[in-house]
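# Structure at a glance
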Amino acid sequence: MTINEIQDELISDFELFDDWESKYEYIIDLGKEFPPLEEQFKTEENIIKGCQSRVWLNAYLDGELLKFEADSDAIIVRGLVSMLVKVLSGHTPEEIASANLYFMERVGLHQHLAQTRSNGLASMLKQMKTYGVAYQAKSFNAAS
Amino acid sequence: MSNNLDIASIRNDFPILNEIVNGKQLVYFDNAATTQKPHLVLDALSGYYEHYNANIHRGIHHLAEKATSAFEQSRRRLQTFLNAPLSEEIIFTYGTTDGINLVASSYGRTFLKAGDEVIISTMEHHSNIVPWQMLCEEKGCILKVIPINDEGELLMDEYEKLLTDRTKFVSVVHVSNSLGTINPVKEIIAKAHAVGAKVLLDGAQASSHLHLDVQDLDCDFYSLSLHKIYGPTGMGILYGKKELLDAMPPYRGGGEMIKEVTFEKTTYNELPYKFEAGTPNIADVVASKFALDYVDTLGKSNIAAHENMLLQYATEAVKEIEGLRIIGQAKEKVSVLSFVIDGIHHQDMGVLLDQQGIAVRTGHHCTQPLMRRFNITGTTRASFAVYNTTDEIDLLIQGLHKVKRMLG
């Protein structure tokens, strides 16, 4: 599936919820089900510090695909992180670098990407795209 | 009705309390961060801009005179509020942090030298830690920290042990923003003075709850912000004893603070203008008088009685929440209820309460060393003001149950 197909699928998942409680219960469930990041990757280097919660992001190349693993100490942020990973992980660096993330806005969660939320989510998204750009440059350099 | 106050009518003074947040009537419990503003203050702000906006002290036209007079009236109003002996001991600042920086920079850099000691406490806001760390780093001074007990009270015996003839400055918080603890500041000041040290009180939280009298306290400096006393943001005052302020060099250079400028040498203006470089925050200074008038009309002791009732009610009510632990159980407290719940991250708590229209503060409250002392990364903090009600606390309790169920 392309990045946009995954986003569209998430948007239709959220259409099932008609109140904030079921929406957040779903995010909490996503957070609970999301596999924790192995301790060895919870390094100072991988940490994205928000004001209130911490987010860890690990990136690696699997063949031509850039993959992400992540974690957070707050469960709702974990659920949101799992969605960003679901959308962006396993695509080429080019696709990730140029992705247009619209699903957060469409499902009414864009406030979590706002700076005031201080949850590190906006910084995480930026970091994921930065990895995309960096690996794109790396593979370009390797090829030439 | 609660004691002598008609809370329903007081709520009508605050238009923002009618806001609908996430489909619910707003419950505003973030008063320790900033209080809401009554009509009186909002009208004073727009009234200033509509009728007498002008730059002060220099103009001789009608508007400038009117603005200057209102500005200086606010200074005298704040003098009364703190019971300061002289109006020129009231310096307008941008807020509590600005006032502390002024003292650390101007007094600290002039009068402290290598080896001198500065004492702060474990429960300081970063605003009363970092300026002193910067000073100590620059001058080679030593920063010492008064420890606290598990209830969140200063260990006064330990404080006494820290005091020596090398202690030159003590800067402590009057009321803790994270815990609500009211510190025994009069005793702290007397003991500091006994070894010849000067004392600054961070009054950001105390000013809206407690009766203030800088002469009775005998503090050397007192810094506060008006936005926590129902007044406008971006405005505060520093009180300082005249002989100290006179001995201190200016903190910032520019207009207003000068007597005469030549390229060879500048002579400085008198107090308080020496410390007020540039065009001040005139509108907010003018409106701050009305905030204090509002507080006076209600009566500070009436406000305190209502807030204490809310604190007791909430402290009792949260006992029914399983796994909840109150952080800060000092005998002397203002209306701040900080807590953690087993297995629930404070950020999740904040997000889910917000969905229910309840505004609380979550996180470390800019007191990271204090959080480390309690071995936590943050708390959820509900802080109450005069317009809050027990019905709102009931909504908070319902909200907490819901959050527990959702995250359980």
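See the structure printed just above.
For clarity, every value in this text was computed on a predicted model and none was experimentally measured.

Moving on to the overall build of chain B. Scanning chain B for helices and strands turns up 14 helices and 17 strands. Over its C-alpha trace chain B gives a radius of gyration of 22 Å, about what one expects of a compact globule, namely 22 Å for 408 residues. Considered along the principal axes of its C-alpha atoms, chain B spans approximately 70 × 55 × 35 Å. Across the 408 residues of chain B, 59% fall into the buried class. By sequence separation, contacts in chain B at least 24 residues apart represent 72% of the contacts at least 6 residues apart. A total accessible area of about 16400 Å² is found for chain B, and carbon and sulfur atoms account for 50% of it. Computed over 38 positive and 50 negative side-chain charges, the separation of the two mean positions in chain B equals 3 Å.

A few words on the interface of chain A and chain B. It is common to give the size of an interface as the accessible area that goes away when the parts come together. Each partner contributes residues to the interface: chain A has 19 residues there, and chain B has 18 residues. Summing both partners gives a buried area of about 1600 Å² for chain A against chain B, and 52% of it is carried by carbon and sulfur. Here R405 of chain B ties to E21 of chain A by a salt bridge, and the two come within 3.3 Å at their closest N and O atoms. Seen at the junction of chain A and chain B, the total is 7 residue pairs in polar contact (both at pLDDT 80 or more). Elements represented by at least two residues in the side of chain A that touches chain B include exactly α2 (20-33) and α3 (75-88) of chain A. For the side of chain A that touches chain B, the element with the most residues is α2 of chain A, which contributes 6 residues. Along the lines of polarity and charge, the residues of the side of chain A that touches chain B split into 8 nonpolar, 6 polar and 5 charged.

Residue and element names in this part refer to chain B. Going from L271 to P272, the amide bond is cis rather than trans, its omega being -5°. Its location among the elements puts P272 in the loop between β12 (266-268) and α10 (282-298). One non-glycine residue with positive phi stands out, namely H365, at about 55°. Tracing the chain through its elements places H365 in the loop between β16 (361-363) and α13 (368-373). One non-glycine residue, C366, lies in the positive phi region at around 55°. Within the fold, C366 resides in the loop between β16 and α13. Given a relative accessible area of 32%, C366 falls into the partly exposed group.

Turning our eyes to something else, we now look at the packing of aromatic side chains. This structure, assessed with the given rule, holds 20 aromatic pairs over all chains. Note on Y230 of chain B and Y387 of chain B: the rings are 6.1 Å apart at their centroids and 80° apart in plane angle, and the pair reads as edge-to-face. Of this pair, Y230 of chain B sits in the loop between β9 (221-225) and β10 (236-240) while Y387 of chain B is found in the loop between β17 (379-383) and α14 (390-407), placing the two residues 157 residues apart along the sequence. As far as burial versus exposure is concerned, Y230 of chain B and Y387 of chain B are alike and both buried. In textbook terms, an aromatic cluster arises when at least three aromatic residues are bridged by ring pairs, as seen for Y107, F111, W132, F169 and F221 of chain B. A cation over an aromatic ring shows up here: K42 of chain A above the ring of W56 of chain A, its NZ or CZ 4.8 Å from the ring centre. Between R373 of chain B and the ring centre of F374 of chain B, over which it is positioned, the NZ or CZ distance is 5.5 Å.

Conventions and cut-offs
- Residues numbered from 1 in each chain as written.
- Chains lettered and ligands numbered in written order.
- Predicted model: local features only at pLDDT ≥ 70, side-chain atom pairs only at ≥ 80, totals over all residues.
- Heavy atoms only, no water.
- Helix = DSSP H or I, 4+ residues; strand = E, 2+ residues; numbered from the N terminus.
- Rg over C-alpha atoms; globule rule 2.2 N^0.38 Å.
- Buried < 20%, exposed > 50% of the residue type's maximum accessible area, 1.4 Å probe, protein only.
- Contact = heavy atoms within 4.5 Å.
- Areas by Shrake-Rupley, 256 points an atom, 1.4 Å probe, with all protein chains shown as cover.
- Lys, Arg positive; Asp, Glu negative; His and termini not counted.
- Charge placed at Lys NZ, Arg CZ, Asp CG, Glu CD.
- Buried area = accessible area lost by both parts, 1.4 Å probe.
- Salt bridge = Lys/Arg side-chain N within 4 Å of Asp/Glu carboxyl O.
- Polar contact = N/O pair within 3.5 Å; in protein donor to acceptor, adjacent residues only side chain to side chain.
- Nonpolar A, V, L, I, M, F, W, Y, C, P; charged D, E, K, R; others polar.
- Phe/Tyr/Trp six-rings, centres within 6.5 Å; stacked < 30°, edge-to-face > 60°.
- Lys NZ or Arg CZ within 6 Å of the ring centre and 35° of its normal.

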